[in-house]
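In case you want the letters, here they are:
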Amino acid sequence: MSEEPKTGSARAPRAKVTPPAVIEMKRRADPIVVVTAYDHPTARLADEAGVDILLVGDSVGTVVLGYESTLPVTVEDILHHTRAVVRARTAALVVADMPFMSYQVSVEQAVRNAGRFIQQGGADAVKLEGGERVAPAVRRLVEIGIPVMGHLGLTPQSVLAFGGYKVQARGEADQERLVREAKLLESCGCFSLVLEGIPARLGAVVSRELQIPTIGIGAGPSCDGQVLVSHDLLGLYLGRAPKFVRRYAALADATRDAFERFRADVKAHRFPSDQESY
């Protein structure tokens with residue numbers, strides 16, 4: 001039985017994670033670990049921890065940029081943060097989230113913007129929200145060689161239509177539609193599928209029905225992998241955490257304490273000391 005690596009210990013170099021490798025992880029029943037990353041240090045630390053996929057999510061809007069939703073996030077925002085993550089030269093697969101109105105207008109628009117995330121941002125893949133309505137774009141992106149991660153269930157870019165961040169597909173008809181759209185996205189060439197904010201039983205059903213892996217976030221324990229927003233799991237986000245979040249650290253408290261101690265030392269002329277001066 002292998003031991004868990006000690007905190008701060010170095011891991012052996014690993015091969016670059018690719019979309020085919022992600023699919024193979026499902027076949028091996030090897031759970032896929034995904035976190036969001038928006039900057040170079042977070043990408044490095046997550047990669048050193050052995051995370052499989054780094055998602056440059058449009059959640060950057062709420063947890064970093066101070067927006068109330070993901071809707072104001074732009075292509076330029078995601079490009080900026082993707083470049084920072086890619087500079088970490090990670091083994092983890094880097095997926096750029098396509099923001100609101102970067103792919104909904106036409107297939108041509110989706111191709112153009114996805115191409116920028118790959119060519120200018122250095123991403124390994126892109127993620128789109130939606131099912132049947134984005135199928136033509138997904139199919140075309142895959143045809144030209146851009147790997148696509150799908151996203152169904154609670155799709156945050158549809159928050160206005162949903163009337164808020166609510167669990168989706170509770171009814172039988174909605175569940176049948178979600179399963180149907182999941183199979184459609186698989187047939188269009190998606191290499192994986194995020195399932196967000198749906199009943200755990202439905203997450204299990206979709207995971208069994210698909211050959212590609214499912215990545216759950218509030219979709220129960222039976223998905224092939226799990227994703228959390230890094231600021232949520234680190235305890236850095238100051239807003240209300242959803243039910244599905246587990247906090248693995250309380251870095252907001254530690255950060256605030258460090259700032260308070262620095263302020264106190266400066267006010268009391270304790271910083272810098274002679275040892276910290278030239």
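For the structure itself, look to the data block above.
Residues numbered from 1 in each chain as written. Predicted model: local features only at pLDDT ≥ 70, side-chain atom pairs only at ≥ 80, totals over all residues. Heavy atoms only, no water.

1. A closer look at the overall build of the protein chain
When helices and strands are tallied, the protein chain shows eleven helices and eight strands. For the protein chain, the spread of C-alpha atoms along the three principal axes comes to 70 × 45 × 40 Å. Scored against the burial criterion, the 278 residues of the protein chain give a buried share of 47%. Contacts spanning at least 24 positions in sequence make up 57% of the contacts within the protein chain whose residues lie at least 6 apart. On the protein chain, roughly 15000 Å² of surface is accessible, and the fraction owed to carbon and sulfur atoms is 53%. Considering the protein chain, the positive charge centre built from 33 side chains and the negative charge centre built from 33 side chains are found 1 Å apart. (Helix = DSSP H or I, 4+ residues; strand = E, 2+ residues; numbered from the N terminus. Buried < 20%, exposed > 50% of the residue type's maximum accessible area, 1.4 Å probe, protein only. Contact = heavy atoms within 4.5 Å. Areas by Shrake-Rupley, 256 points an atom, 1.4 Å probe, with all protein chains shown as cover. Lys, Arg positive; Asp, Glu negative; His and termini not counted. Charge placed at Lys NZ, Arg CZ, Asp CG, Glu CD.)

2. Observations concerning the pairing of strand β1 (residues 32-36)
Each regular strand displays side chains that alternate between the two surfaces of the sheet. Of all five residues that make up β1, four are buried, and the element is covered over most of its length. As defined by bridge partners, β1 adjoins strand β8 (residues 225-228) across four bridges and the pair is classed as parallel. Looking at the pairing, valine 33 lines up with glutamine 226 of β8. Inspection of the sheet shows β1 paired to strand β2 (residues 53-56) by three bridges, in the parallel sense. Counted as the bridge partner of valine 34 is isoleucine 53 from β2. (Pairing = 2+ DSSP bridges.)

3. Quick notes on the pattern of salt bridges
Enumeration according to the criterion identifies 14 salt bridges in this entry. When the shortest N-O distance is used, the salt bridge between arginine 28 and aspartate 30 registers 3.1 Å. A relative accessible area of 48% places arginine 28 in the partly exposed class. Between glutamate 209 and lysine 183 there is a salt bridge whose closest N-O contact spans 3.1 Å. Of the two residues, glutamate 209 is situated in helix α9 (residues 200-209) and lysine 183 in helix α8 (residues 172-188); the sequence distance between them amounts to 26 residues. According to the relative accessible area criterion, glutamate 209 is partly exposed, its value standing at 40%. (Salt bridge = Lys/Arg side-chain N within 4 Å of Asp/Glu carboxyl O.)

4. Focus on the nonpolar core
Proteins that are soluble and globular tend to have nonpolar side chains buried together. Val126, Leu128, Leu193, Leu195 and Val206 are the most contacted members of the largest nonpolar core, which totals 59 residues. Broken down by element, this core gets its largest block of residues, five residues, from α8. Judged by nonpolar contacts, the second largest core, of 14 residues, contains Val35, Val85, Val94 and Val245. (Core = buried A, V, L, I, M, F, W, Y, C linked by side-chain atoms within 4.5 Å.)

5. A word on the state of the cysteines
Using the criterion set out here, one finds zero disulfides in the structure. Free of any disulfide, cysteine 223 has its nearest neighbouring cysteine sulfur in cysteine 190, separated by 15 Å. Overall, the relative accessible area of 9% leaves cysteine 223 in the buried class. (Disulfide = S-S within 2.5 Å.)

6. Quick look at the sheet that holds strand β4 (residues 125-127)
One closed barrel accounts for eight strands, arranged β1-β2-β3-β4-β5-β6-β7-β8; its pairing is parallel. Averaged over neighbouring strand pairs, the angle between their axes works out to 25° when direction is ignored. Sheet analysis places strand β5 (residues 148-153) next to strand β6 (residues 192-196), joined by five bridges and oriented parallel. Note on β6: the bridge partner recorded for glycine 150 is leucine 193. Contacts between α8 and the sheet are confined to β5 and β6, with β5 contributing the most and set at about 175° to the helix. (Axes fitted to C-alpha atoms, helices over the stretch in contact; angles between N-to-C directions.)

7. Description of the environment of proline 199
Among the structural elements, proline 199 can be located in the loop between β6 and α9. Expressed as a C-alpha distance, the spacing of proline 199 and alanine 169, which sit 30 residues apart in the sequence, is 7.4 Å. Once you skip the residues sitting within four places of it in the chain, proline 199 turns out to touch Val167, Gln168, Ala169, Arg170, Gln175 and Ala219.

8. Section: the side chain of aspartate 232
If you trace the backbone, aspartate 232 turns up in helix α10 (residues 230-233). Although aspartate 232 is buried, it forms no salt bridge, and the closest oppositely charged side chain is arginine 247 at an N-O distance of 5.4 Å.

9. A few points about the side chain of serine 158
Mapped onto the elements, serine 158 comes out in the loop between β5 and α7 (159-162). Not counting the four nearest positions on each side in its chain, serine 158 is found in contact with Glu129 and Arg133.

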